[in-house]
Structures are given as C-alpha cells and as structure tokens.
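Chain by chain, the residues:
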Amino acid sequence: MGTDSCAQSSQEWIDTNLTCKMNKAYAVTIRKKLREKLGLEPMSTVILVVDNQAILLSTKSIDESLDIQSHINDNGSFYMPKEIRDQLILAPGTTFRIRVGSDPAQFCELLLEKV
C-alpha cells in the first residue's frame with residue numbers, strides 16, 4: 001500500500017501550523033479555509049496513500065497507489081479507511097499536523113503527519 005512517489009518527489013511541504021484529530025467515527029476534518037484554498041468541496045473524492053508514517057491526500061490518482069478513496073462530506077470530514085488505520089496504528093483522538101504542497105501541479109495536496 002505504501003509509496004515514496006510523493007514524499008520523494010520535488011514537492012516541498014509547507015507547514016500550515018494547523019492540526020486535526022481523528023474522531024470516534026474514524027473521520028478527520030479539514031478546516032474550511034484550507035478546503036476552500038484547495039478546492040475541496042462536499043463529495044470531492046480524495047485518494048489516500050500511506051508514505052513514511054504519514055498520509056498523503058490527493059484529488060488526483062497516484063499510479064503506484066491502490067487508490068484507497070474517501071469522500072469529503074458536508075462538514076469537511078473524510079473517513080479514514082481501516083487499511084490505513086491498521087497500517088499506521090491510528091485510534092480515535094490521533095492528532096495530525098497538516099502540511100500543504102508547495103506546487104499545486106504535483107500529485108499530493110496535503111500531508112498529514114501523526115503528532
């Protein structure tokens with residue numbers, strides 16, 4: 001399931017100084033300002049890939065991934081699939097640091113790192 005394609009690319013990650021937490025329903029909410037900046041609207045499909053103990057979130061398909069998909073719901077949350085929760089040993093209350101990609105043309109728009 002893992003890939004180094006995004007983290008090892010020329011993509012640079014900018015710390016947003018934002019965090020988010022996984023709730024009891026295994027959902028993670030991305031703040032509205034960030035969703036608007038990235039064009040993530042309700043029902044947007046996002047691709048999730050585990051990379052070096054972080055989660056890459058993209059609106060574009062990543063060739064080497066298994067394309068584990070989730071959808072942004074009306075309040076800006078997406079469900080964290082069991083495959084990813086198991087691989088990274090995530091539990092409700094897990095906090096993530098949010099980084100954004102410096103180049104919107106790259107595959108990955110967000111990087112969620114466990115804090």
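Scroll up for the structure.
Predicted, not measured: the structure shown is a model, and the values here were computed from it. (Residues numbered from 1 in each chain as written. Predicted model: local features only at pLDDT ≥ 70, side-chain atom pairs only at ≥ 80, totals over all residues. Heavy atoms only, no water.)

(A) Representation of the overall build of the chain in the model. The helix and strand tally for the chain stands at 2 helices and 8 strands. Split into buried and exposed, the 115 residues of the chain put 43% on the buried side. Across the chain, every contact between residues at least 6 apart in sequence was considered, and the portion connecting residues at least 24 apart equals 68%. If you sum the accessible surface of the chain, you get close to 6,300 Å²; carbon and sulfur atoms cover 49% of it. (Helix = DSSP H or I, 4+ residues; strand = E, 2+ residues; numbered from the N terminus. Buried < 20%, exposed > 50% of the residue type's maximum accessible area, 1.4 Å probe, protein only. Contact = heavy atoms within 4.5 Å. Areas by Shrake-Rupley, 256 points an atom, 1.4 Å probe, with all protein chains shown as cover.)

(B) Representation of the nonpolar core within the structure. Counting 24 residues, the largest nonpolar core has I55, F78, M80, I84 and F96 as the members making the most contacts within it. Mapped onto this core, the elements with two or more residues apiece are β1 (13–21), β3 (45–51), β4 (54–58), α2 (82–88), β7 (95–101) and β8 (110–114). Grouped together as the second largest cluster of nonpolar side chains are 6 residues, W13, I47, A54 and L56 included. (Core = buried A, V, L, I, M, F, W, Y, C linked by side-chain atoms within 4.5 Å.)

(C) View of the pattern of salt bridges. Counted by the stated rule, this structure contains 3 salt bridges. Of the charged contacts in the structure, one is a salt bridge between R99 and E113, with a shortest N-O distance of 2.6 Å. With R99 in strand β7 and E113 in strand β8, this residue pair connects regions lying 14 residues apart in the sequence. Among the ionic contacts, a cluster of salt bridges with common partners joins R97, R99 and E113. (Salt bridge = Lys/Arg side-chain N within 4 Å of Asp/Glu carboxyl O.)

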